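Listed here are the chains, written in short residue letters.
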Amino acid sequence: MSIFGALDTSVSGMQAQSSAFTNISDNIANSQTTGYKGVDTNFINYLVQSTPTSNGADSVVAHPDYTNTVQGTVTQSTDPLALAISGQGYFAVSEPTSNTSTSSTSQAFQAQQYFTRAGDFSLNKEGYLVNGSGAYLNAWPITNGTVNTSTLAPIQISEGATPPIPTGNVTIAAALPTTPATPTSTTPVSTQVDVYDALGNMQQLSLNWTQGTAANSWNLNVTSPNATANPIASATMVFGPTGADTAAASGTLSTLTTSTAGASATANTDGSPATLTIPADFGSGAQPITLNFGTYGGTAGLTQYAGTSLNLQGATQDGSPPGNFSNLSIDTQGNITVNYSNGFSKSVAQIPIATFDAPDALQNQSGQLYTASQGSGAATVNAVGSNGSSLVTGSIESSNVDIATQFTNLITAQQAYTANSKVITTAQQLLQTVVNMVQ
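Quick summary incoming for the structure in this document. (Residues numbered from 1 in each chain as written. Predicted model: local features only at pLDDT ≥ 70, side-chain atom pairs only at ≥ 80, totals over all residues. Heavy atoms only, no water.)

## Thoughts on the environment of Ser390
Link 1 in the chain: Structurally, the position occupied by Ser390 is in strand 30 (residues 390-393).
Link 2 in the chain: What makes Ser390 partly exposed here is its relative accessible area of 33%.
Link 3 in the chain: Between the C-alpha atom of Ser390 and that of Phe407, which follows or precedes it by 17 residues, the distance is 33 Å.
Link 4 in the chain: Apart from the residues within four sequence positions on either side, Ser390 is in contact with Ala84, Ile85, Ser86 and Val384. (Helix = DSSP H or I, 4+ residues; strand = E, 2+ residues; numbered from the N terminus. Buried < 20%, exposed > 50% of the residue type's maximum accessible area, 1.4 Å probe, protein only. Contact = heavy atoms within 4.5 Å.)

So this is what it looks like as structure tokens:
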């Protein structure tokens, strides 16, 4: 190796250590950046000539060594919409385009698909989930309970009110007494159920039973103070094997019939649902309501057992009043749910996780974003949990940079840079000696 070759080698060494300094400074600067992945440095030697008897001047080149697969520490966040991925994978996100329309309520997005581990998401004023670097979270939309996995796009949450849901079904679980304390037609055994009409007003249904003349038989009248006609419907019930369902056990419903116009009862078949559909109308139009009494011959639902008063075990209905937007929640399966002030909740989207064959080969972008490259391969998008990864809600993934390691690397790089500069200084002195020889 000549003196000039030594100069060239030392210059390449200084350049390589300069690249290492750049990576170290980036890592230290981003030690508190959410979802940041540190960049290490690999040094590669390039030979000009190397034989058993001669070794020419070499050079060294610094290459970045990405640590995208190294998990950062997951820490709890005060933001309930914050998310962290435990394991491999990325959130699919989109970058917005400039929106020149000041009146537009929707945002246009770039066609390029981005990925990130920065899950510090929050709801912006347009109703999108956006992280701290301005990337918009992508998810699969949910329509009528079905997840559409063929569409992955930014989800816009509507913060408008939810309309009322008129009651369509009421489920009753109760035990009628065999010997009521007041067995007269004027003092029936009664229970009340609150339901909602088409406008979201609460209405009260009264279910009034009086014992029939036949053994184990009852007559039911359903009324409501605001109904356009009362009773809304009437029905006859028989319990035990003396009714239409001869296989029914004692105390269980075996017969349910009605003669009210517009009302209907299911067939008296052992084991089949025992329901009575009534033609309710609270002034907002016809509103059929199905009363579910369990099954014929079943012990869950409406029964008749020893006692002197009605034993109500449960009454539920499926209506709701109008409600205002309350908040947004995300569960560990990635389901985004809108919650309303009336207690109603609706799942609107599901967050998937994107994985790559070689995640360390992803192309870095600004804002802790990545794009797929030829080396990383295309993204595989699956539901949470299918690839071994999980979501941690209300938490974020911190930078995976270790400050102590970076300071150690900094000292090492500084010493190596100084040593290379010393070689150049020494080579310059040797060359000066040669020049002095001819003076």
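## Thoughts on the layout of surface pockets
By rolling a water-sized probe across the atoms, one finds the places where empty space is left.
Link 1 in the chain: When its volume is computed, the largest pocket comes out at roughly 210 Å³.
Link 2 in the chain: Looking at the largest pocket, the residues that line it are Asp26, Asn30, Tyr36, Lys37, Val39, Asn364, Gln365, Ser366, Gly367, Gln368, Leu369 and Tyr370.
Link 3 in the chain: When contributions to the lining of the largest pocket are tallied by element, the ones reaching two or more residues are strand 27 (363-365) and strand 28 (369-371). (1 Å grid on protein atoms, 1.4 Å probe; cavity = no way out; pocket = protein on both sides within 12 Å on 5 of 7 lines; lining within 4 Å. Points joined across faces, edges and corners; volume = space filled by probe spheres on them.)

## Brief notes about the pattern of salt bridges
Link 1 in the chain: In this structure the tally under the stated criterion is two salt bridges.
Link 2 in the chain: Among the salt bridges present, the one from Glu397 reaches Lys37, with a minimum N-O distance of 2.5 Å. Placement of the pair is Glu397 in strand 31 (residues 395-397) and Lys37 in the loop between helix 1 (3-29) and strand 1 (39-46), with a sequence separation of 360 residues. Each member of the pair, Glu397 together with Lys37, is buried.
Link 3 in the chain: One salt bridge in this structure joins Arg117 and Glu397, with 2.8 Å as the shortest N-O distance. Note that Arg117 is positioned in the loop between strand 6 (114-116) and strand 7 (122-123) and Glu397 in strand 31, a separation of 280 residues in sequence.
Link 4 in the chain: Each of Lys37, Arg117 and Glu397 takes part in one network of salt bridges that share partners. (Salt bridge = Lys/Arg side-chain N within 4 Å of Asp/Glu carboxyl O.)

## Considering the packing of aromatic side chains
Link 1 in the chain: Counting across every chain of the model gives nine aromatic pairs.
Link 2 in the chain: Aromatic side chains Phe21 and Tyr417 sit 6.2 Å apart centroid to centroid with 70 degrees between the ring planes, which places their arrangement in the edge-to-face category. With Phe21 in helix 1 and Tyr417 in helix 2 (residues 403-437), the pair connects residues that are 396 residues apart, well separated along the chain.
Link 3 in the chain: Of the residues examined, Tyr417 reaches a relative accessible area of 30% and is grouped as partly exposed.
Link 4 in the chain: For the ring pair Tyr90 and Phe356, a centre distance of 5.9 Å and an interplane angle of 70 degrees mean the geometry is edge-to-face. One end of the pair, Tyr90, is in the loop between strand 4 (83-86) and strand 5 (91-94); the other, Phe356, is in the loop between strand 26 (353-355) and strand 27, and 266 residues separate them in sequence.
Link 5 in the chain: Classification of Tyr90 by relative accessible area gives buried; the value is 1%.
Link 6 in the chain: Classification of Phe356 as buried rests on a relative accessible area of 10%. (Phe/Tyr/Trp six-rings, centres within 6.5 Å; stacked < 30°, edge-to-face > 60°.)

## Notes on the nonpolar core
Link 1 in the chain: Grouped together as the largest cluster of nonpolar side chains are 33 residues, with contacts concentrated most on Leu205, Trp209, Leu291 and Phe293.
Link 2 in the chain: Ranked by size, the runner-up nonpolar core spans 25 residues in total, among them Leu328, Ile336, Ala349 and Ile351. (Core = buried A, V, L, I, M, F, W, Y, C linked by side-chain atoms within 4.5 Å.)

## So, unusual backbone geometry
Link 1 in the chain: Backbone torsion omega between Asn230 and Pro231 reads -5 degrees, so that peptide bond is classified as cis.
Link 2 in the chain: One can find Pro231 in the loop between strand 15 (217-223) and strand 16 (233-239).
Link 3 in the chain: At Gln368, a position not held by glycine, the phi torsion is positive, near 55 degrees.
Link 4 in the chain: Counting through the fold element by element, Gln368 comes out in the loop between strand 27 and strand 28.

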